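Coordinate analysis (summary)
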Amino acid sequence: AGKMDRCKEFLDRLADHYGNQPNVHFLRGFADESSKDTDGAISEYKKELEIASQAVAPMIQLALLFADNGLQEEAMAAASRAVSLEPANARSHYALGRALFAGDKWADSAAEFEKAKALAPNASRIRFQLARTYRKLGRLDDAKREDAAFETLSKKEQTGYTSEDPLRLKQQLQERER
């Protein structure tokens, strides 16, 4: 079995013994998301919120998954709740920005990405999304500035948090927009 299979087996055993404890279902959701099992990830993040209703991390992940899968109302609800619980959390504002962007609410999306940028100015993915949003708003000079910041930051960034390559992500999104 591969590393992810072994990881999921371990998380299944963990859930069997400690399934009512915080973070267990969040970890399972993250593993499902990492292996592209969107439905499984959504289910696990929802279970996590049943156990820890104030947990912002699963709300953010749900908001991003919902936004990516065209579930605008669900994305807005999850992201708005995350922002209300943790207004100083850059990822909360990033998730709300993504939800608003998915609903073509570009001015509001830009405002959320700007808040996220103020809280985490070195986060390349925030700068990338802000550049996309500025382009939608016709703010091309601002978009160029954010693109340049994204390029610089993504070269320096060592995420360790995800296998997602920010430069590859940018290329894929640009291809989709053509």
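Observations regarding the overall build of the protein
Of regular secondary structure, the protein possesses 10 helices and 0 strands. The N-to-C order of helical and strand elements in the protein reads α-α-α-α-α-α-α-α-α-α. Per-residue burial over the protein gives 42% buried out of 178 residues. Taking contacts inside the protein between residues at least 6 apart in sequence as the whole, the part at least 24 apart equals 46%. Of the accessible surface of the protein, which amounts to about 9900 Å², a share of 49% is contributed by carbon and sulfur atoms.

Quick word on the confidence of the model for the protein
On average, residues of the protein score 89 in pLDDT, and 87% of them are at 70 or above. Looking over the protein, one finds the lowest element-wise mean pLDDT in helix α10 (residues 166–177), namely 62, and the highest in helix α7 (residues 106–119), namely 98. In this model residues 159–164 is a low-confidence stretch, pLDDT under 50, and it forms 7 contacts with partners more than four residues away in sequence or in other chains.

Concerning the packing of aromatic side chains
A full pass over the atoms with the stated rule returns 3 aromatic pairs. Residues F26 and Y45 carry aromatic rings whose centres are separated by 5.5 Å and whose planes lie at 40 degrees to one another, so their mutual orientation is tilted. Of this pair, F26 sits in helix α2 (residues 24–34) while Y45 sits in helix α3 (residues 38–51); the two residues are 19 residues apart in sequence, bridging distant segments of the chain. On the basis of relative accessibility, which here comes to 0%, the residue Y45 falls in the buried class. Seen from their ring centres, F128 and F150 are 5.2 Å apart, and the 45 degrees between their planes marks the pair as tilted. Taken as a pair, F128 in helix α8 (residues 124–136) and F150 in helix α9 (residues 140–156) lie far apart in primary sequence, 22 residues in all. Comparing F128 with F150, the two get one shared label, buried.

Concerning α2
Taken together, the buried positions of α2 are occupied by V24, H25, F26, R28, G29, A31 and D32. At the C-terminal side of α2, K36 shows a positive phi close to 65 degrees.

Thoughts on the pattern of salt bridges
Evaluated as defined, the whole model comprises 13 salt bridges. When the shortest N-O distance is used, the salt bridge between K47 and E44 registers 3.8 Å. Taken together, the residues K47 and E44, both in helix α3 and 3 residues apart, mark about one turn of the helix. Judged by its relative accessible area of 5%, E44 falls in the buried class.

Reading guide: rules and limits
Residues numbered from 1 in each chain as written. Predicted model: local features only at pLDDT ≥ 70, side-chain atom pairs only at ≥ 80, totals over all residues. Heavy atoms only, no water. Helix = DSSP H or I, 4+ residues; strand = E, 2+ residues; numbered from the N terminus. Buried < 20%, exposed > 50% of the residue type's maximum accessible area, 1.4 Å probe, protein only. Contact = heavy atoms within 4.5 Å. Areas by Shrake-Rupley, 256 points an atom, 1.4 Å probe, with all protein chains shown as cover. pLDDT = per-residue confidence, 0-100. Phe/Tyr/Trp six-rings, centres within 6.5 Å; stacked < 30°, edge-to-face > 60°. Salt bridge = Lys/Arg side-chain N within 4 Å of Asp/Glu carboxyl O.

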